[in-house]
Amino acid sequence: MINRSIAILDFGSQYVQLIARRVRENQVHSLIFSPGASPEELRRQNVIGIILSGGPASTYAAAAPKPHPGIFEMGVPILGICYGMQALCEHLGAKVHAAAQREYGRTALNLTGDDALLRHVPRGTTVWMSHGDIVSGIGDDFVTLARTPSCPHAIVRHTARPLYGMQFHPEVTHTPEGSQILRNFLFDVCGAEPTWNAGSIIDQAVEAIRAKVRPGAQVICGLSGGVDSAVTAALLHRAVPDRLACIFVDNGMLRLNERSRVEAIFRGHFKMDLHVVDAAARFLERLRGVVDPQEKRIRIGHEFIAVFKEEAKRIAHAHYLAQGTLYPDVIESGHSAAGTAANIKLHHNVGGLPAELGFELIEPLRDLFKDEVRMIGELLGLTEEMVWRHPFPGPGLAVRIIGEVTPERLELLRRADQIIIEELVSAGWYRKVAQAFGVLIPVASVGVMGDGRAYQGQSVIAVRFVESTDFMTADWVHIDPNVLARISSRITNEVSGVNRVVYDITSKPPATIEWE
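Here the structure is a predicted model, which means the values were calculated and not measured. Residue numbers here run from 1 along each chain, matching the order of that chain's written sequence. Thresholds applied to this predicted model are a pLDDT of at least 70 for local features of residues and 80 or more for the giving and counting of side-chain atom pairs; totals over whole chains, interfaces and linings are not thresholded and use all residues. Here the side-chain values reflect all heavy atoms present in the structure, with hydrogen atoms and water set aside.

Enquirer: Describe the overall build of the chain, naming the residues involved and giving the relevant values.
Expert: What counts as a helix is a DSSP run of H or I of at least four residues, what counts as a strand is a run of E of at least two, and both are numbered from the N terminus. Each helix and strand counted, the chain has 14 helices and 20 strands in total. Exposure categories follow from relative accessible area, calculated using a 1.4 Å probe and restricted to protein chains: below 20% of the type maximum is buried, above 50% is exposed, and the middle band is partly exposed. Counting only residues that meet the buried cut, the chain has 54% of its 516 residues in that class. Considering only residue pairs separated by 6 or more positions, the chain has 74% of its internal contacts joining residues 24 or more positions apart. Here the Shrake-Rupley method, with its probe set to 1.4 Å, supplies the accessible areas, and only the displayed protein chains count as covering residues. Within the structure as shown, the chain displays about 22000 Å² of accessible surface, and the carbon and sulfur contribution to it stands at 51%. The charge count includes Lys and Arg as positive and Asp and Glu as negative, but it does not include His or the ends of the chains. A charge is said to be at NZ when it belongs to Lys, at CZ for Arg, at CG for Asp and at CD for Glu. Distance between charge centres in the chain, computed from 52 positive and 57 negative side chains, equals 1 Å. It only takes one pair of heavy atoms within 4.5 Å for two residues to be counted as in contact.

Enquirer: Quick rundown of helix H7 (residues 258-269)? Include the residues and the values.
Expert: Look at H7: 16 Å from first C-alpha to last across 12 residues, which is about the 16 Å you get at 1.5 Å a residue. Those residues of H7 that fall on the buried side of the exposure criterion are Glu 258, Arg 261, Val 262, Ile 265 and Phe 266. Around the axis of H7, the buried residues are gathered within 100 degrees of arc, so they sit on the same side. For H7, the elements touching its buried residues are strand E10 (218-223), helix H6 (227-239), strand E11 (244-250), strand E12 (273-278) and helix H12 (384-387). Following H7 by one or two positions, Lys 271 has its phi on the positive side, about 60 degrees. Here the expected span of a helix is defined as 1.5 Å times the quantity of residues minus one. Within this analysis, the arc is defined by the directions that extend from the helix axis to the C-beta atoms.

Enquirer: Before we move on, can you summarise the nonpolar core with the specific residues and values?
Expert: What makes a nonpolar core is a set of buried Ala, Val, Leu, Ile, Met, Phe, Trp, Tyr and Cys residues whose side-chain atoms join them at distances within 4.5 Å. Grouped together as the largest cluster of nonpolar side chains are 70 residues, with contacts concentrated most on Leu 42 and Ile 50. Once residues lying within four places of it in the same chain are set aside, the contact partners of Ile 50 are Ala 7, Leu 9, Leu 42, Ile 71, Met 74, Val 76, Pro 77, Ile 78, Leu 79 and Phe 185. Ala 312, Leu 357, Ile 419 and Val 498 belong to the second-largest nonpolar core, a separate cluster that totals 45 residues.

Enquirer: Can you explain the side chain of Thr 232? Please cite residues and give values.
Expert: Mapped onto the elements, Thr 232 comes out in helix H6. Assessed through its relative accessible area of 0%, Thr 232 is described here as buried. At a separation of 2.8 Å, a polar atom in the side chain of Thr 232 contacts the main-chain carbonyl oxygen of Asp 228. Beyond its immediate stretch of four places on either side in the chain, Thr 232 contacts Cys 221, Ala 322, Gln 323, Gly 324, Pro 364 and Leu 365. Under the rule applied, a polar contact is a pair of N or O atoms within 3.5 Å (in protein, one hydrogen donor and one hydrogen acceptor; residues adjacent in sequence only if both atoms are side-chain atoms).

Enquirer: I'd like to hear about the sheet that holds E10, residue by residue, with values.
Expert: Should DSSP find at least two bridges between two strands, the strands are regarded as paired. With parallel pairing, the five strands of this open sheet are ordered in space as E12-E11-E10-E13-E14. In this open sheet, the two edge strands, each paired with only one partner strand, are E12 and strand E14 (360-362). The sheet shows a mean angle of 30 degrees between the axes of neighbouring strands, direction not considered. Sheet topology note: the strand E13 (residues 318-322)/E14 ladder contains three bridges and is parallel. Pairing of Leu 321 across the sheet is with Leu 361, part of E14. Note on geometry: axes are lines fitted to C-alpha atoms, helical ones only across the stretch in contact, with angles between N-to-C directions running from 0 to 180 degrees.

Enquirer: Got a sec to walk through the sheet that holds strand E4 (residues 78-81)? Specific residues and values, please.
Expert: Ordered by their spatial adjacency, nine strands build an open sheet running E2-E1-E3-E4-E9-E8-E7-E5-E6, and the pairing between neighbours is mixed. With partners counted over all chains shown, the strands left at the sheet margins are strand E2 (29-33) and strand E6 (124-136), one partner each. If you compare each strand with its neighbour and ignore which way they point, the axes differ by 20 degrees on average. Bridge analysis of E4 against strand E9 (residues 163-166) gives four bridges, and the strand direction is parallel. Its bridge partner being in E9, Ile 81 is matched across the sheet by Met 166. Running at roughly 165 degrees to E4, helix H4 (residues 178-189) makes contact with strand E1 (5-9), strand E3 (47-52), E4 and E9 of the sheet.

Below, the structure is given as structure tokens:
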């Protein structure tokens, strides 16, 4: 079944994924397309409305991205936001030029007309502006519905067709009535129905898996213990329980009790065919003497592929490989619904495992955002701990140890990491933080051990808590100092070899979230 969708054309906006999420929060399916997506591409996705995103360009610049002119003849409602409004209006004869006064931040919006788009919106409200160009000379084809002190045409509507433009950003929280305006566009203008929910997502995914997996063929799912692979496995188990084999590779870089937790949930609770490969010794040998962060990642990645291929050969009739690829991965890798995305941020194999493994891919989460994955994970019966688990890097603790990875350093960090998570959960902060972890800095730091000063064998643990919505940017968490005090006290008292704990207060950028 093809969902009735809202298409979002990406003109380079930093908010494009946020627009898609706002639509889906109203239980309406949305997809992001390249700016020049054709009417044929949009019709194939059963599009019932189009949103043109903002962007950094000026429409009158020579290289400015433009929408395909055919979309304005499709007969579906179109909402242009910021640059999207300018592109829409310019195409239909209005003028776009640099504003006499740039407008950034909150500003007062006054409604000057009535329309279904503005139902239940007060006559005076606040909106978030971020633009240097404005639309003027709208002629007789448009009517103005709202203005701000610096923008005479803040919202416009075509007089004959369901085409709208707004100069501000309704998708951000700084526009209090933005959600209401978007709801009006979805339901009153486009005629959408709220059918994109956890139940329907699961039903469609199960139906698609059953249609794809041939009788007698086995599906292999690589389990990492994270939410994406866990939900992928749970979906496959519901769709083809007798044709699923999961592989969990213990690379020796896992958190405390990670392996036993995965075995208890997937083999114990779900009764899945779970293959656990104990490859810790192999990985540690490959990392012997290696201190360069990139070299660590390369060696761990190569070894993982080798181990995975060896175990996969033991599974008879294995033909499919299931991966937990998410929609943001697809967008950022240029594999969106309309082909190449407007802003390709990453160039890699989207799913994480290389094509040369020889399997046909199944990616049931390919159309979902992280919050939707968590939503269906809960409905599928996964534990709250697993559904809301913070991201954990593929190379594991190896990239949270500065310098060489040894069994002793892994054990030290594993114990410190457990204390960090325990205290965060105990204080009620775990769900407020996007990612939390410790980093082992094996440097000699003077400390007081008993009655004397000590250097030998002592290390530093750096604690890192970040808040983020998309992990492309992140800020350090202004956490309760009492929580940090308890973490520091427990680590220095309970973890032999650590005499100092520090807190990382660097945002991304300029830093990355992980240290290596």
